[in-house]
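# Examination of the molecular architecture
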Amino acid sequence: MSQQKGIQDKKDFKNKVAAINGSATGIGRAFAEEAAKRGMRLALIDINTEGLEETKAICEKAGAPKVVTIKTDVTKYEEVRFSILRVMQEYGQLDLMFANAGIATAGWVYNHPPQDWAWAMNTNVLGLTYYVHEVLPIFKQQGTPCHFLFTASIAGLITGLRYNTAYLASKHAAVCIAEAVRDLAENDPDYSMMGVSVFCPEYVHTNIHNSEDHRPADYSVPCDPFYATDSYWDYRRLFDSNITVKGMNPAFVGPYLFEAVEENHMYKVPHMHTHEQIRARHRRIESDLEREEALHEKYAPLQKY
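Heads up: these notes are all about the structure in this document. Keep in mind that what you see is a predicted model, and the values were worked out from it rather than measured. (Residues numbered from 1 in each chain as written. Predicted model: local features only at pLDDT ≥ 70, side-chain atom pairs only at ≥ 80, totals over all residues. Heavy atoms only, no water.)

## As for the side chain of Arg38
Selection rule: Numbering of helices and strands starts at the N terminus; helices are DSSP runs of H or I of at least 4 residues and strands are runs of E of at least 2. Buried, partly exposed and exposed residues are distinguished by accessible area as a fraction of the type maximum, computed with a 1.4 Å probe on protein chains only: under 20%, between the cut-offs, and over 50%, respectively. The term polar contact refers here to a pair of N or O atoms within 3.5 Å; inside protein, the definition further demands a hydrogen-donor-capable atom paired with an acceptor-capable atom, and it admits residues adjacent in sequence only when both atoms are side-chain atoms.
Structurally, Arg38 can be placed in the loop between helix H1 (26–37) and strand S2 (41–46). The class for Arg38 is buried, based on a relative accessible area of 14%. Within the structure, the side chain of Arg38 is placed 3.0 Å from the side chain of Glu34, a separation counted as a polar contact. Looking at Arg38, its side chain comes within polar contact range of the side chain of Glu262, at 2.7 Å.

Here it is as structure tokens:
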């Protein structure tokens, strides 16, 4: 897709409409504040109502001409559908969708309980697909410059790891969804005005290490003995430290991601030391492809009827 598609100039953002889920704290809040500075009208979406009101106040102070807040549990399709209906009721248009809401679990590939797998997948994967389902028809009907921005994680680009595997698997799926929407934009004339980007950071100083504060009841099994194990709490403490001590200041997020929108830049990977991890994964895949090619003559006759 041409780099000239989508919302391009800073001057174009004034009075455009952005819907931002996961906007009560962290990355979503930082992006919302930047959008407010650019004169956008905002729909702030999150399960955390107290945080939403704090973000709303920040955005109004930063210059947003209008801000609405919409409490939404993104694991529930009907709530997602309502959130977009509310956006259209309030504004009559939608120009930028930032699907950013996400949670993090704790544990290892051998001990993630089923409810944690469900919580991670239903938030980090289905929560994206529900917004894709609701927003793409609006973008198509409008036929005007627009942008779909996703938050995934570096976890979606590097090799699978033995720890926090539910989170990593969900983020690989998130990248896949973003790539599917990008492919649509590049190949379907009905979406030729849409830009697409996916944000893949490592640690950013957000509130994701406190995901448990807003775990929906559907995924809560407090009596599960897993939550009393050293394995669980050691990982919780490690993740907390990585976020609060190593995490980037989220202040960079707004300008950084708006540049992606302006340039229609797909993969946004701000942690430079992770780039070699991505390349190393690709080298491992390519090495096995070479082995497969060497074996091709041996097995090709057996693959035919």
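## Thoughts on a nonpolar patch on the surface
The criterion, for reference: Patch membership needs two things, relative accessible area over 30% and no salt bridge, and members are linked within 9 Å if like-charged or within 5 Å if nonpolar (Val, Leu, Ile, Met, Phe, Trp, Tyr). Surface accessibility follows the Shrake-Rupley procedure with a 1.4 Å probe radius. Residue values consider only the protein chains on display as shielding. Throughout this description, the term salt bridge denotes a Lys or Arg side-chain nitrogen within 4 Å of a carboxyl oxygen of Asp or Glu.
Taken together, the side chains of Leu295, Tyr299 and Leu302 define a hydrophobic patch exposed on the protein surface, amounting to about 300 Å² of accessible area. Turning to its location among the elements, Leu295 is positioned in helix H8 (residues 275–299).

## So, the state of the cysteines
What counts here: The definition used for a disulfide is geometric: two cysteine sulfur atoms within 2.5 Å.
Overall, the coordinates contain zero disulfides when judged by the stated rule. Cysteine Cys200 remains unbridged, with the sulfur of Cys176 as its closest cysteine sulfur at 12 Å.

## A look at unusual backbone geometry
In the Ramachandran plot, Asn15 falls in the positive-phi region, its phi being about 70° despite a non-glycine side chain. Positionally, Asn15 belongs in the segment before strand S1 (17–21). For Asn15, a relative accessible area of 39% gives the class partly exposed. One non-glycine residue, Asn164, adopts positive backbone phi at about 50°.

## A look at the nonpolar core
Looking at soluble globular proteins, one finds that nonpolar side chains tend to be buried together. The line we're drawing: Grouping buried Ala, Val, Leu, Ile, Met, Phe, Trp, Tyr and Cys residues that are joined through side-chain atoms within 4.5 Å yields what is termed a nonpolar core.
Leu94, Met97, Phe148, Phe150 and Met194 are the most contacted members of the largest nonpolar core, which totals 45 residues. Broken down by element, this core gets its largest block of residues, nine residues, from helix H4 (residues 114–142). Counting 26 residues, the second largest nonpolar core, distinct from the first, contains Met40, Leu44, Val67 and Leu149.

## Structural notes on H8
Note on helix geometry: an α-helix contains 3.6 residues per turn, so any two residues three or four positions apart are oriented the same way. Spelled out, the test is: The span you would expect from a helix comes to 1.5 Å times its residue count less one. We define the bend at any residue as the angle between the axes fitted to the seven residues before and including it, ending there, and the seven starting there.
Taking 1.5 Å per residue, 25 residues should reach 36 Å; H8 reaches 35 Å between its end C-alpha atoms and fits that length. The sharpest bend along H8 measures roughly 30° and falls at Glu293.

## So, the packing of H1 against helix H7 (residues 253–263)
What describes two packed helices is the angle between their axes and the distance between those same axes. Quick reminder of the rule: Here, axes are lines fitted to C-alpha atoms. For helices the fit covers the stretch in contact, and angles between N-to-C directions go from 0 to 180 degrees. For classification purposes, an angle smaller than 35 degrees is called roughly parallel, one larger than 145 roughly antiparallel, one from 65 to 115 roughly perpendicular, and anything else oblique. We call two residues contacting when some pair of their heavy atoms lies within 4.5 Å.
Where H1 meets H7, the closest approach of the two axes is 8 Å, and the angle between their N-to-C directions is 70°. In terms of their interaxial angle, H1 and H7 are classed as roughly perpendicular. Contact with H1, carried on its side by Ile27, Ala30, Phe31, Glu34 and Ala35, involves Val253, Gly254, Pro255, Leu257 and Phe258 of H7 and no other residues of that element.

## Section: the sheet that holds strand S5 (residues 146–151)
Condition: Only strands that DSSP links by at least two bridges are regarded as paired with each other.
Strand order in this open sheet of seven strands is S3-S2-S1-S4-S5-S6-S7, and the pairing throughout is parallel. With partners counted over all chains shown, the strands left at the sheet margins are strand S3 (67–71) and strand S7 (267–268), one partner each. Pairing between S1 and S2: five bridges, direction parallel. Its bridge partner lying in S2, Ile20 is registered against Leu44. Contacting S1, S2, S3 and strand S4 (96–99), helix H3 (residues 77–91) runs over the sheet at an angle of about 160° to S3. In this fold helix H5 (residues 165–187) packs onto S5, strand S6 (194–199) and S7, with an angle of close to 160° to the strand it touches most, S6.

By themselves, these observations are geometric and do not establish any function.
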